[in-house]
Amino acid sequence: MKTDIAIIGGGASGLTAAIAAKEANIGARVTIVEKLPRTGKKIIASGNGKCNLSNMLLSEHNYHGSVDALKIIEKMPDYNSFFTDYLGVMCVSGSEGREGGIYPRSNSSNTIVNAMRMKLDELGIEELCGCEVRGIIPEKDGFTLIGGDDNIRCKRLIIAAGGYAAPTFGTDGGIMRLLKNMGYKTAKICPAVAPLRVSPDKLKGLKGVRVKGEISAVSGGEILRTERGEMQFNDNNISGICVFNLAYLFSEYEGRLNLKADLLPDMTWNELKGYLENIRKSRGKLPLEELLTGIFVKNLAMYLVKNSIDRPLTDKISTLKNNELSAVMSRIKALEFEVCGCSPWQNSQSTMGGIHASCVDEYLQSRLHRGIYLCGEILDTAGDCGGYNLQWAWSSGMLAGGSCGKSLKGAGK
Ligand SMILES: Cc1cc2nc3c(=O)[nH]c(=O)nc-3n(C[C@H](O)[C@H](O)[C@H](O)COP(=O)(O)OP(=O)(O)OC[C@H]3O[C@@H](n4cnc5c(N)ncnc54)[C@H](O)[C@@H]3O)c2cc1C
């Protein structure tokens, strides 16, 4: 099979790149090569089926890795121009998830995928689904893709094959490994937007507990980043959006990363002390297991007391000494866990690491093979949870697709 522009991957960045390539070069034959039976599967699952497609509060602090994602996002049309003006999808700033999150007004990710699929049809973009690319051979005037029944010959190639996260959506890092073998430099890879693993012993008694608070990633006493939100304690990990946004740090601080939670961030030490001293008086006759049940759910309340002082929980609250009260307060204000690993890929939503920025130019064209363009999660940038990853996928897809389409026109297609 022969085509002008082939795109490996029919996810968020691949679909956008296909549209941008065709718009930039309407006469070119554009073909999306997708491993799964249909394109856009991960978009449909995104944001719990609601698709948190962007965020009003985009900043450089929300992107991690060697690629300057924000610079590219800022120079491309924003979500309003692309989704509302161009695709006709009305968007709203939602109240769910992260502050500033943007969603389709329908509250359904299907709206996004339908609109994109209709645009592909209108533009005459071909989809070759159920075809896994297993090899890329650079030729004098283009590339041969090995995969499916027939090899695919193309003049230009856009690689939008994603990373390793959520492999049920077709992303097992296969193309990343292939590129590595072709000489591409990759930054250290680990799951991002994912729970962080801590020792199950430290979580005994906490399973299923959810609590709102502040959680920091700490290494060697230095606070690396602090997030607020609801954390959830599981068998062997801590999850919640606030933890997801710290997961990317595991790649750099593996073996020396701790999580430190303040379970009452809005209360000062003295305010908490006053509250507990009052409890010692007013609830003095009750057992210690009731000390914190006015603030936290029972399991968490008992866990905090049990892990602060060496006493039977049946002892009376009135018998608490001041130093014991301080120990309980320290647990509440600085509950610490050693991070012993990151989550498996199937529990993560993004990939930290990927093809290093030095491998692409400002148009996202490969510096190693002219005529190859890269976009989306395969590149070394991981966004925070809250619409940042999809915004990167759309923007990088627009840039790679547009540059690719124009370059073929320039070549006299
Ligand atoms: C459950 C879940 C929820 C999420 N929710 C949000 C959210 O609400 N907001 C947000 O910003 N981000 C979200 N994300 C992250 C976001 O979806 C991804 O970062 C984004 O979709 C990446 O787009 P991409 O095009 O780079 O890669 P992908 O969407 O991963 O697409 C890559 C495509 O390439 C195909 N492919 C891979 N290898 C081959 C091959 N060898 N041959 C042919 N095809 C191949 C895959 O099948 C896949 O379809 C979520 C992720 C998950 C898993």
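Residues numbered from 1 in each chain as written. Predicted model: local features only at pLDDT ≥ 70, side-chain atom pairs only at ≥ 80, totals over all residues. Heavy atoms only, no water.

## Here's the deal with helix H5 (residues 109–123)
Now for step 1: In this model, H5 (15 residues) spans 22 Å end to end at C-alpha, consistent with the 21 Å of a helix rising 1.5 Å per residue.
Now for step 2: Positive phi shows up at glycine 124, right after H5, with a value of about 75°. (Helix = DSSP H or I, 4+ residues; strand = E, 2+ residues; numbered from the N terminus. Expected span 1.5 Å × (residues − 1).)

## A word on the sheet that holds strand E6 (residues 101–104)
Now for step 1: Read from one edge to the other, the open sheet built from three strands follows the order E3-E6-E5, with strand pairing classed as antiparallel. In the strand order of this sheet, the two ends are held by strand E3 (54–55) and strand E5 (91–93), each with one partner.
Now for step 2: As defined by bridge partners, E5 adjoins E6 across three bridges and the pair is classed as antiparallel. Bridging from a neighbouring strand, serine 93 pairs with isoleucine 102 of E6. (Pairing = 2+ DSSP bridges.)

## Brief notes about the packing of aromatic side chains
Now for step 1: Following the criterion strictly, the structure yields six aromatic pairs and no others.
Now for step 2: Ring geometry for phenylalanine 82 versus tyrosine 86: centroids 5.8 Å apart, planes at 20°, classification stacked. One end of the pair is phenylalanine 82 and the other is tyrosine 86, both in helix H4 (residues 79–86) and four residues apart, which spans about a single turn.
Now for step 3: The ring of tyrosine 86 carries lysine 119 above its face, with NZ or CZ at 4.4 Å from the centroid.
Now for step 4: For the cation-ring pair, lysine 202 lies above phenylalanine 337, with the distance from its terminal atom to the ring centre recorded as 5.8 Å. (Phe/Tyr/Trp six-rings, centres within 6.5 Å; stacked < 30°, edge-to-face > 60°. Lys NZ or Arg CZ within 6 Å of the ring centre and 35° of its normal.)

## Quick notes on the nonpolar core
Now for step 1: In this structure, Phe83, Ile136, Leu157, Ile158, Ile159, Leu374 and Trp394 are the most contacted members of the largest nonpolar core, which totals 75 residues.
Now for step 2: The dominant element in this core, judged by the number of residues it contributes, is helix H12 (residues 388–410), at 10 residues.
Now for step 3: Core analysis: the second largest hydrophobic core is formed by 53 residues, Ala192, Val198, Phe233 and Leu263 among them. (Core = buried A, V, L, I, M, F, W, Y, C linked by side-chain atoms within 4.5 Å. Buried < 20%, exposed > 50% of the residue type's maximum accessible area, 1.4 Å probe, protein only.)

## Structural notes on the domain arrangement of the chain
Now for step 1: When cut into domains, the chain gives domain 1 (2–191 + 350–410) and domain 2 (195–342).
Now for step 2: The gap between the C-alpha centroids of domain 1 and domain 2 is 40 Å.
Now for step 3: With 10 residues of domain 1 at the contact, the number on the domain 2 side is 11 residues.
Now for step 4: Counting the surface lost from both domain 1 and domain 2, the interface buries some 920 Å², and carbon and sulfur atoms represent 59% of this.
Now for step 5: In this structure, the connection of domain 1 to domain 2 is made through two salt bridges.
Now for step 6: Ionic pairing is found between arginine 225 and aspartate 384, a salt bridge with its closest N-O pair at 2.7 Å.
Now for step 7: At the surface where domain 1 touches domain 2, the tally comes to five residue pairs in polar contact (both at pLDDT 80 or more).
Now for step 8: The element contributing the most residues to the side of domain 1 that touches domain 2 is strand E11 (residues 186–192), with three residues. (Domains from an automatic or database assignment. Contact = heavy atoms within 4.5 Å. Buried area = accessible area lost by both parts, 1.4 Å probe. Salt bridge = Lys/Arg side-chain N within 4 Å of Asp/Glu carboxyl O. Polar contact = N/O pair within 3.5 Å; in protein donor to acceptor, adjacent residues only side chain to side chain.)

## A short note on the pairing of strand E9 (residues 142–147)
Now for step 1: Among the six residues that make up E9, five are buried, leaving the element largely enclosed by the rest of the structure.
Now for step 2: From the end of strand E8 (residues 133–139) to the start of E9, which pair antiparallel, there are two residues.
Now for step 3: Relative to strand E10 (residues 152–159), E9 is paired through three bridges, and the arrangement is antiparallel. Each bridged residue has a counterpart across the sheet, and for phenylalanine 143 the counterpart in E10 is cysteine 154.

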